[in-house]
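# A structural walkthrough
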Amino acid sequence: MKFTSSYEPSDFESDVYAAWESAGLFKPTLPQPSGIEQNTPSTYSIVMPPPNANGNLHIGHGLTIAIEDSLIRYYRLKGKSAWYIPGADHAGFETWVVYERALEKVGHTRFEYSRDELYAQVWNFVEEQRGNMELQVRSLGASCSWDDLTFTLDENVVKRVYSTFEKMWNDGMVYRGEKLVNYCPKHQTAFADIEVEQVEEKGFLYDIRYSNEIVVSTTRPETLFGDTAVAVNPEDDRYKSLIGKTVKLPLSGREIPIIADEHADPAYGTGAVKITPAHDFDDFEVGERHDLPRLRVIDDSGKLCSEYVPEVFRGLTVEEGRKAVLKALKAEGSLLNTKKIVHTVPHCYKCGAVIEPTLKEQWFVDTERLAKAAISRLENNEIKFYPKNKQKVLIDYLKGLKDWNISRQIPWGIAIPMFKKVGDAPDYPDWIFDTRVNLKEIEYGGVKYVRDEDTFDTWFSSSHWPLVCTNWEEGRENPYYPLNVMETGADILFAWVARMIMMGIYVTGEIPFREVYLHGLVLDEHGKKMSKSKGNVINPVELVAKYGSDAFRLGILRGRSAGLNQAFSEESVKSGRNLCNKLWNISRFIEVAAQMVSSREHPEATAEDETPEPRDDGSAGRRFPKGTFERKPQYETLNMSEDWICREITEAKRRIEKGMKNYRFSEVVEELYSLIWDKYADWFLEAEKIYKNLPLLKTTLESILTLLHPFAPFVTETIYQSLSWTDGFLINQKWPSDLEFDPISAENFERLVPVITETRRVLAGLPGAFKTKKYGLLYGDDSLVSDNSLLVMKLARVPSISSTSGTPRGIRLAVPNHEVYLDVPAEVIKGYKDSLTERILAVGRELNSLEKRLENPNYVKKAPEKLVKETKEGIKEKKVLIERLRKELEVIA
RNA sequence: GGACUCUUAGCUCAGUUGGCUAGAGCGUUUCUUUGACGUAGAAAAGGUCAGAGGUUCAAGUCCUCUAGAGUCCACCA
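Below: a short report on this structure. (Residues numbered from 1 in each chain as written. Chains lettered and ligands numbered in written order. Predicted model: local features only at pLDDT ≥ 70, side-chain atom pairs only at ≥ 80, totals over all residues. Heavy atoms only, no water.)

## Details of the sheet that holds strand 18 (residues 418–421)
- The four strands are arranged 19-18-21-20 in an open sheet whose pairing can be described as antiparallel. This sheet does not close on itself; its edge strands, each paired only once, are strand 19 (431–433) and strand 20 (441–444). Averaged over all neighbouring strand pairs, the angle between strand axes comes to 35°, with direction disregarded.
- When strand 18 meets strand 19, the two strands line up antiparallel, connected through three bridges. By the bridge assignment, Met418 is partnered in strand 19 with Phe433.
- Against the sheet, helix 6 (residues 155–170) touches strand 18 and strand 19, its axis set at about 135° to strand 19. (Pairing = 2+ DSSP bridges. Helix = DSSP H or I, 4+ residues; strand = E, 2+ residues; numbered from the N terminus. Axes fitted to C-alpha atoms, helices over the stretch in contact; angles between N-to-C directions. Contact = heavy atoms within 4.5 Å.)

Written out as structure tokens, the structure reads:
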């Protein structure tokens, strides 16, 4: 591939991905015992939180994949057998909602079909839509092992879910219970507590007279027909005498008892509260305490029903019913008072309909044992959390966990493998477990059983995700389980992470993952939540098309920290694109240099044979300590800037390793920017325009390509393959080893840098335009500058550099330990006066703060010796500097 | 009501055992048609680290309180 002068990601990204995939490079290698580098453990596994199989990726998926794929590529380069397992979610409820809507559009309803028919229809619907998502995951560069893709309805998933359910059934942890459940009348299904969205709303509190002595306060007058008691607080003197008596319900006239219960708050409303056990969670509990009957007066479609409801109200929706009841109460004088209040109302998280707590028979999981085991592991710090505080949040959640309703009344999902006895056969159980869910009814010892029509809550099956993706089996060694890390959104800590931990421990006895990394929401550029209605949704696929996958990944990871909701904008993606462009041109420069040198000097040469050019000071050769390594070095450093870049790359690499270990993506990405852009391109490569040390250029370029590869896989791979001297793929190269360098030489370069920056600064501050290449540099007693005059000339952009020959002139540069002058004529120096004065003041302020520190006797006594010494040296330097600047000023004035 | 997070440059964010003059990207200003790159280079401006107290030789960093922003859980007849 030819290097074009500008970076065009769309030219190569899909080809590169296809090449990786067809070469089988996303598959984990088998763990190999290694002679040289011991890597234990040698595996690294991550499972992808499965995106909706028939949906499109959103920005959250973009972040997830950017993080996970960077991790997996990093550990792959580090030599681990890395396994990134992709997934697709049947997304039970989400997909069902979409399908039901489509059904309604063509004038049908779910009630026209059997469950099996509906299941088949949705299956086909998903099949048709499927594939988009997977293409989008590819476009983001996810190096996941596609052959191992797990769909949440795959046979092995269902098998595992059934086996867990059976185990729980046998362990007595699953039970059928008639309880109040969160019920969406629009979708006609129950939900778990976590699926309900609590919304603050304005409403009314009505005072309704039940008798002359008792007036109840309620927000839901329409449920009064289901009341089975009125509760008052046992300590409430107003009502003490009434406890045990009965009262007649208005409108229906049914008689109900007055009971004493702590639930009634004397300070709220009238202090007397109607108890409707079949339609309110608190009332349900009161009912249990007092053994009250539960009367359902609202049916599955959210309409008033039952014999207890006077005929005129039957069939009305909750909303209509409320109006009608209030009107009737008013008419008979029972509605005494109406008060505006703000309260939270539960809503369906999908359609927004008000959740109707409804009495239903459902399957429940007794979570006590599950939660207890999880809490003990968590308190034992067996799973490390990023951010750390989520560990406690999760423990607190588990401590208050209630039983888990796992049945859903939607056809799209895994059928609950339970059959109910038909008729009266006393010696037979009411329910039996059987996995033949394709049958509507089965026979068991001559007795007929019919299949339960419900499906599992998707979180019930999802909680097995780490097991099913890694093909965990009882009694079989699995080097990929537990996973190294579970990476997902902080918003599903309870719904998913908590359940995976509980289920993982329950089934395998082991924690399912060693670490948890939670990312926050990706907000829009102003820090607002993205939503379709606000129109501020950023589509990752569009950004990839516009700027490239690498740019997107770098942009979304930049400045991102664990667990926080953070803003994201197109600007950060542009910045990522610019880095890629930079790297592209760095590589182009080196490739061109390589071709020129090899064709000019060594037409047949390989990289090893190329002879470095001599140093500009005449000395040459190997600068790093001999005998420190056994392999033949691939390069020799010939000057300070080369030792320096080797040092910088090596140190950056260590910081990257540390950052990756701690999931500090923000710092790692910043480190890479600074290494590639500031250090490699702006300093090192500028210097190399003089030296053109090809073996070194090649080695260092390969190093930075590898270091960046986890974050920008496409551009780094493409460059790697375009270079004339490389073979194979970058994706499975070795992570760079430390580069050899002479530390003294590297430090010397660091000491020369201020001479160059000061020259540039003074030049920029001089009056008049076109100042570059106009004034030369003069050096006095300064061996570092005189030995590297060519380098200084190039970097400082001065036309000449020479010795002062004893008589200094021009502006002396304000650099400690250097004697360098900018050869500027006297009349120009005059214009420099202001900037010089400003500089003296600035250095003076710095000196002041250092001196103040030293004046404190406790500082000298208690601070580390090293610090005190540094402070003293600093003072000395500043003093010399100020003295020098003052003299300069005198000359000008 | 309980818990958690955040408040650092115009904007978005880094800053992990407390330690030299608090950093980055974008934006802004000035200069540069240098033979990798104008998706660039060089230079610069811009901060009482939300506020108040405390601990310490030393606080953006630790503690307490206050204010503001946000999230989660529970409750609300």
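## Here we look at the protein's contact with RNA strand B
- Near RNA strand B lie 60 residues; those nearest to it are Ser217, Asp282, Thr344, Arg664 and Lys862.
- One nitrogen or oxygen atom from the side chain of Asn856 is found 2.7 Å from a sugar or linking oxygen belonging to RNA strand B.
- Mapped onto the surface near RNA strand B, the elements with two or more residues apiece are strand 8 (215–218), strand 26 (566–567), helix 16 (570–600), helix 18 (665–691), helix 21 (743–765), helix 25 (833–855), helix 26 (857–862) and helix 27 (865–892).
- Of the residues forming the surface near RNA strand B, the biggest block, ten residues, is contributed by helix 16.
- Across the surface near RNA strand B, the residue classes break down as 18 nonpolar, 17 polar and 25 charged. (Near = heavy atom within 4 Å. Polar contact = N/O pair within 3.5 Å; in protein donor to acceptor, adjacent residues only side chain to side chain. Nonpolar A, V, L, I, M, F, W, Y, C, P; charged D, E, K, R; others polar.)

## Comments concerning the sheet that holds strand 14 (residues 356–365)
- The strand order across the open sheet formed by four strands is 6-5-14-16, and the pairing between neighbours is antiparallel. Looking at which strands have only one partner, the edges of the open sheet turn out to be strand 6 (189–191) and strand 16 (404–405).
- Judged from the two bridges that link them, strand 14 and strand 16 form a sheet pairing that is antiparallel. From the neighbouring strand, Val365 faces strand 16, where its bridge partner is Trp404.
- Seen against the sheet, helix 7 (residues 281–290) touches strand 5 (174–184) and strand 14 and runs at an angle of roughly 145° to strand 5.

## Structural notes on the packing of aromatic side chains
- Under the defined criterion, the tally for this structure stands at 47 aromatic pairs.
- Ring centres of Tyr7 and Trp584 lie 6.1 Å apart, and the angle between their planes is 55°; on these two criteria the pair is classed as tilted. Note that Tyr7 is positioned in the segment before helix 1 (13–22) and Trp584 in helix 16, a separation of 577 residues in sequence.
- In this structure Tyr7 comes out as buried when scored by relative accessible area, which is 5%.
- For Trp584, a relative accessible area of 0% translates into the label buried. (Phe/Tyr/Trp six-rings, centres within 6.5 Å; stacked < 30°, edge-to-face > 60°. Buried < 20%, exposed > 50% of the residue type's maximum accessible area, 1.4 Å probe, protein only.)

## Observations concerning the pattern of salt bridges
- If you walk through the whole model with that rule in mind, you get 52 salt bridges.
- Two residues, Arg553 and Asp69, come together in a salt bridge whose shortest N-O distance is 2.8 Å. Here Arg553, found in helix 15 (residues 549–557), pairs with Asp69, found in helix 2 (residues 59–77); they are 484 residues apart in sequence, far enough to count as distant. Each member of the pair, Arg553 as well as Asp69, carries the same accessibility label: buried.
- A salt bridge links Asp236 to Arg238, with the nearest nitrogen and oxygen atoms 2.9 Å apart.
- Overall, Asp236 belongs to the buried group, its relative accessible area being 6%.
- Residue class for Arg238 comes out partly exposed when judged on its relative accessible area of 47%.
- Residues joined by salt bridges that share partners form a network here, namely Arg647, Glu648, Lys679, Glu747 and Glu750. (Salt bridge = Lys/Arg side-chain N within 4 Å of Asp/Glu carboxyl O.)

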